[in-house]
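Secondary and tertiary structure notes
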Amino acid sequence: MVMEIVCPAGTPASLRAAVKAGAHTVYCGYADETNARNFPGLNFDRAEMRAGIAFAHAHGAKVLVAINTFARAGAEPLWHRAIADAATAGADAVILADLGLLAHAAAHHPTLRRHLSVQAAAANADVINFYAATFGVRRVVLPRVLSVPEIAAINAEVEVETEVFVFGGLCVMAEGRCSLSSYATGQSPNMQGVCSPASHVDYHEDNGVLSAKLGGYTIHRAAAGEPAPYPTLCKGCFTTEGASGHLFEDPVSLNAETLIPQLAKAGVHALKIEGRQRSRAYVAQVVRNFRAAVDAQAAGKPMPEGMLARLTEGQAATAGAYKKTWR
Amino acid sequence: MSEFSVHVPVFPQLPALALRCAPVAPMSMALGGFVARLAQRHAGLFRRLGAYGRSRFVIDPTDLPVSLALEPRGGCPRVQVSRGPLHGDARIAGPLAALLGMVHGAYDGDALFFSRDLVIEGDTAAVLALRNAIDDAELDLCAEAQSMAGPFADAVKRVVALAETRTGVALSRREENEEW
Amino acid sequence: MQLTVGANQFFWSPEDWGSSYTALAAAPVDRVVLGELVCSKRLPFYQDRIPAAIETLSAAGKAVSVTSLALITLKRERKLGAELVGTGVDIEINDLSMLAYLPEGTSFSIGPLVNVYNEGSFAWLAARGARSICLPPELPIDAVRILAQLGRRLGVAVEVWGHGRVPLAISGRCYHARRQGRSKDNCQFACENDPDGLDVTTLEGQDFLAMNGVQTLSASFACVDHQIEVLQEAGVTGLRLSPHTGDFTAVCAQYRARIDGHVARGAVADALLAAYPDRHLSDGFLTGARGADWSGPLP
């Protein structure tokens, strides 16, 4: 069986590019705080979502609608409408993280397939089985804190499908459990759907040295000629007891391309590519690579040579927590 | 540049020299007309910009002796070309080939920025909005120029094709299925 | 308004851990949460002291809860979670995995590391048996007000993070170990020398964060001195005070005096800054533009 590749689309153009490049499934969100990539100039209005889903379905691909922030108290109808509109638009599933929204969707849209977002950070078999039994969740996106043997152990104990990230940005913290961004800027992934928001980023170049500040805190400095990562808080350069370095995570991004055979063996159903904020060109390139890789895997052929290095952040890649030494 | 960097061609010196003495007022006018025409055909681009449709963007091709200021003004855009310094809410600087290649989907904006082929200053959110809106619009500046050139459309296409081969600069939209 | 002492977030020696609860028995607080929140590897060092601490605190009239871990992944951590059930002590859930172990009909508390952002989640947890909910520290006052009112209607106590370094993130990776070039599995308890967490500053020397094993906290100490009236008016029923080194019993007493109107607004902050001159304070998550902001006078 070919592993399903689940591909990002920040815009309708990216959705079409991903489908044409061979995506089995595309995930995207509405242009508001209901989804965790609420970035300027990105995402879909209602008409674009309907058209995007129709396009994908016409080409045999599925669309998952991410409604994966935590609803704001006093404003739950905004999130409830997003779920209802995704159902009406023909979405193949919604991706949810919030307990209240899971309960709402299970009660009001029982036939709409529910996936558990990585933002719920469901990191063991017991909690996954709880979500499945309580809210009828059919697939769980696993947090990026697990090693391949741990993923295999989880799959042996759960009935639901699991989906894991294989490429793109890497959260070093348990997803949906991090307020670093709102501490520094007032805006967080859980509430506003943004992390280290561009509106609070300030770049300053002086004699070739590029400083990046977030909310007034210096997050990174790159000397002339060094790659310049986006100032994501957890990948910044900080100081403890006089020594400076990337204390939480280096400015690397995830590339688990070579682990695909092991992930397949571990019982993983779907592979997820991060990057709804990236261009349609990037999306097409990455999707094409991963489609070739899962096709090769299913045919029992060796993995194609990776050629994704230059697309990655800071231009260095890691296999992340999939290799246990990452911890 | 790091060993992984994207190879971005530099605009040839000779035409760059010519720009150094060309009058800027007609260039502003010609570009203004071109952009106004684009605005009509790609209304979605301005909708996608949202509040950043009121920002002023300075675009600085570092291999050309001119830079330009673009004000989307919610769909009634204005362009100013200048040889002197321009001011705005945000500045995007990089080789012309990188800027055009990003518009045409030949390069990824984030990758260009990580490799420092592009430099961003000022309102980063505005730059992101512009980049995302342009990426969604699937612009093809060559096709746009052709459609405006009437009977000279074929001539424009040939000139652009020749210039693309000579310079390596993406002057028309790339299919996403092409290898980079 | 009640005072709850939250679970100690740091790795203290068993002696210091034990004596801190002996001291708390005499502190003017209503409820104490204890147990291991951050890292399961720390627990064996003081586990045998937990029953005595519970007994001392209960005898002193405090309500006592035992916390779950904040992030349950390993087999032994799941077992630990399941074993908490049935001990007869109230459980504070800080990872929703605990709901898989708690039988329907059992009441429980919800800690600050569970994502309760809205009415739907709050009501669902209340229906499942939550009797007390400590809201996530990043919640702004408008959300706190709505949930506190809902809590009043549903008969659920609503707590807000009141004092101490703010828990901002939890990870699968141990930063203390990573800093020393070790992995989490071979950490050699790198966090044991930082009983308030290890200060993390920016490259320009600005105070920013603190690391505590797999946890990341704010460098600043939260202090709701300037928000007491706002919180009372919002209907918040409790403040959560997070233990730190120094005279923590005195800190509890200062908050008690402030809530009871015996000292003026600003007195708690003044006392804290006098006792911890290297620290600064924050209350920005509630009413500021960002979490790090402070609404009191700047030094």
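Just so it is clear, the structure is predicted and the values come from calculations on it, not from any experiment.

Below, the discussion takes up the overall build of chain B. Within chain B, the regular secondary structure consists of eight helices and five strands. Listed N to C, the secondary structure of chain B is α-α-α-β-β-β-β-α-α-β-α-α-α in terms of helices and strands. Over its C-alpha atoms chain B spans a radius of gyration of 16 Å, differing by no more than 12% from the 16 Å that the globule rule assigns to 180 residues. Over its C-alpha atoms, taken along the principal directions, chain B stretches across nearly 45 × 40 × 40 Å.

Moving on to the overall build of chain C. A tally of helices and strands in chain C yields 12 helices and 12 strands. By the compact-globule yardstick of 19 Å for 299 residues, chain C fits well, its C-alpha radius of gyration being 18 Å. Based on the C-alpha atoms only, the size of chain C along its principal axes is roughly 50 × 50 × 35 Å. The long-range share in chain C, meaning contacts at least 24 apart out of those at least 6 apart in sequence, stands at 65%.

The UniProt record annotates "domain: SCP2" (unreviewed entry) at residues 56-134 of chain B. For the annotated span residues 56-134 of chain B, helix accounts for 32% and strand for 30% of the residues, and the straight-line distance between the end C-alpha atoms is 15 Å.

Each side of the interface is counted separately: chain C has 50 residues, and chain A has 52 residues. Counting residues per element, the ones that place at least two in the side of chain C that touches chain A are helix 5 (98-101), helix 6 (119-128), helix 7 (141-154), strand 7 (157-170), helix 8 (175-179), strand 8 (198-201), strand 9 (207-212) and strand 10 (215-223) of chain C. Class assignment of the residues belonging to the side of chain C that touches chain A gives a composition of 24 nonpolar, 15 polar and 11 charged.

Quick look at the interface of chain B and chain A now. Across the boundary between the two partners, chain B contributes 36 residues, which contact 33 residues of chain A. Of all the secondary-structure elements, those providing two or more residues to the side of chain B that touches chain A are helix 3 (43-49), helix 5 (109-114), strand 5 (119-122) and helix 6 (124-137) of chain B. Per-element accounting of the side of chain B that touches chain A gives the leading share, 10 residues, to helix 6 of chain B.

Let's shift gears to the pairing of strand 4 (residues 90-93) of chain C. Residues and elements named next belong to chain C. For strand 3 (residues 63-67) and strand 4, the ladder comprises three bridges, and the chain directions are parallel. Pairing of Ser65 across the sheet is with Asp90, part of strand 4. For the handedness criterion, the β-α-β arrangement of strand 3, helix 4 (residues 75-84) and strand 4 is classed as right-handed. The pairing of strand 4 with strand 5 (residues 108-110) spans two bridges and is classified as parallel. Bridge pairing links Glu92 to Ser109 in strand 5.

Attention now moves to helix 1 (residues 14-24) of chain C. All names here are of chain C. Turning to helix 1, its buried residues number three or more, namely Trp17, Tyr21 and Leu24. Buried residues along helix 1 cover an arc of 60° about the axis, so they all sit on one side. Those residues of helix 1 that are buried lie in contact with strand 1 (2-5), strand 2 (31-34), helix 2 (43-46), helix 3 (50-59) and helix 10 (248-259).

Before going further, it helps to examine the packing of helix 4 (residues 99-108) of chain A against helix 6 of chain C. At a minimum axis separation of 6 Å, helix 4 of chain A and helix 6 of chain C run at an interaxial angle of 80°. Classed by the angle they form, the pair helix 4 of chain A and helix 6 of chain C counts as roughly perpendicular. Where helix 4 of chain A approaches helix 6 of chain C, its residues Leu99, Gly100, Leu101, Ala103 and His104 of chain A are matched on the opposing element by Glu119, Gly120, Ser121 and Trp124 of chain C. Per-class residue counts for the contact of helix 4 of chain A with helix 6 of chain C are four nonpolar, four polar and one charged.

The next point concerns unusual backbone geometry. Its identity as a non-glycine residue notwithstanding, Arg116 of chain B has a phi of 65°, on the positive side. Within the secondary structure, Arg116 of chain B is located in the loop between helix 5 and strand 5. Residue Arg116 of chain B is classed as buried on the basis of its 20 C-beta neighbours within 10 Å. Despite not being glycine, Gln188 of chain C shows a phi value in the positive range, around 50°. Relative to the assigned elements, Gln188 of chain C resides in the loop between helix 8 and strand 8. A count of 10 C-beta atoms within 10 Å places Gln188 of chain C in the exposed class.

Right, let's get into the confidence of the model for chain B. Residue and element names in this part refer to chain B. Residue-level pLDDT values for chain B average 85, and 94% of them are 70 or greater. Taking the mean pLDDT of every element in chain B, the minimum, 77, falls on helix 1 (residues 13-21) and the maximum, 96, on strand 1 (residues 57-61). Note on residues 1-5: pLDDT is under 50 here. Beyond four places in sequence and across chains, it has 10 contacts.

Our next topic: the pairing of strand 9 of chain C. All names here are of chain C. For strand 9, the buried fraction is high: five of the six residues fall into the buried class. Two strands pair when backbone bridges link them, and strand 8 and strand 9 are joined in this way by four bridges, in the antiparallel orientation. Paired with Asp199 across the bridge in strand 9 is Ala210. Remark: five residues form the turn of the hairpin made by strand 8 and strand 9, two consecutive strands paired antiparallel; Gly205 in that turn has positive phi of roughly 85°. In sequence, strand 9 turns back onto strand 10 through a hairpin of two residues, with Gly213 there showing a positive phi of about 65°.

This brings us to the sheet that holds strand 8 (residues 201-206) of chain A. Residues and elements named next belong to chain A. Spatial ordering of the open sheet is given by 8-9-10, a layout of three strands whose pairing is antiparallel. Only two strands of the sheet have a single neighbouring strand rather than two, namely strand 8 and strand 10 (217-222). Mean inter-strand twist for the sheet, computed between neighbouring axes without regard to direction, equals 20°. Judged from the five bridges that link them, strand 9 (residues 209-214) and strand 10 form a sheet pairing that is antiparallel. Bridged to Leu214 within strand 10 is Tyr217.

With two pairs of chains in contact overall, the contact-richest pair is chains A and C. One thing to see here is that chain B and chain C don't touch, and their nearest C-alpha atoms sit 18 Å from each other.

Here the focus is the UniProt feature "binding site: [4Fe-4S] cluster" (unreviewed entry) in chain C. In the numbering adopted here, UniProt assigns the feature "binding site: [4Fe-4S] cluster" (unreviewed entry) to Cys39, Cys174, Cys187 and Cys191 of chain C. Over a stretch of 153 residues, the named residues converge on one spot in the fold, their C-alpha atoms separated by at most 11.3 Å. Take Cys39 of chain C: it is sitting in the loop between strand 2 and helix 2. Excluding residues within four positions of it along the chain, Cys39 of chain C makes contact with Gly213 and Val214 of chain C. Inspection of the secondary structure assignment puts Cys174 of chain C in the loop between strand 7 and helix 8. In contact with Cys174 of chain C, not counting residues within four places along its chain, are Arg327 of chain A together with Lys184, Cys187, Gly213 and Val214 of chain C.

A few words now on the environment of Ala234 of chain C. All names here are of chain C. Examined against the element boundaries, Ala234 turns out to sit in helix 9 (residues 228-234). Judged by C-beta crowding, with 20 C-beta atoms within 10 Å, Ala234 ranks as buried. Placed 85 residues apart in sequence, Ala234 and Gln149 show a C-alpha to C-alpha distance of 7.4 Å.

In terms of nonpolar packing, the biggest core is built from 259 residues, with Ala18, Val26, Ile67 and Val287 of chain A touching the most fellow members. When residues are assigned to domains, this core turns out to be shared by domain 1 (4-170 + 252-326) and domain 2 (180-245) of chain A, each giving three or more.

What counts, and at which threshold
- Residues numbered from 1 in each chain as written.
- Chains lettered and ligands numbered in written order.
- Predicted model: local features only at pLDDT ≥ 70, side-chain atom pairs only at ≥ 80, totals over all residues.
- Helix = DSSP H or I, 4+ residues; strand = E, 2+ residues; numbered from the N terminus.
- Rg over C-alpha atoms; globule rule 2.2 N^0.38 Å.
- Contact = placed C-beta atoms within 7 Å.
- UniProt positions renumbered as here; feature names shortened; annotations may be inferred.
- Nonpolar A, V, L, I, M, F, W, Y, C, P; charged D, E, K, R; others polar.
- Pairing = 2+ DSSP bridges.
- Right-handed = clockwise from strand over helix to strand, strands pointing away.
- Buried ≥ 20, exposed ≤ 12 C-beta atoms within 10 Å, placed from the backbone.
- Arc of directions from axis to C-beta.
- Axes fitted to C-alpha atoms, helices over the stretch in contact; angles between N-to-C directions.
- Parallel < 35°, antiparallel > 145°, perpendicular 65-115°, else oblique.
- pLDDT = per-residue confidence, 0-100.
- Core = buried A, V, L, I, M, F, W, Y, C linked by C-beta atoms within 7 Å.
- Domains from an automatic or database assignment.

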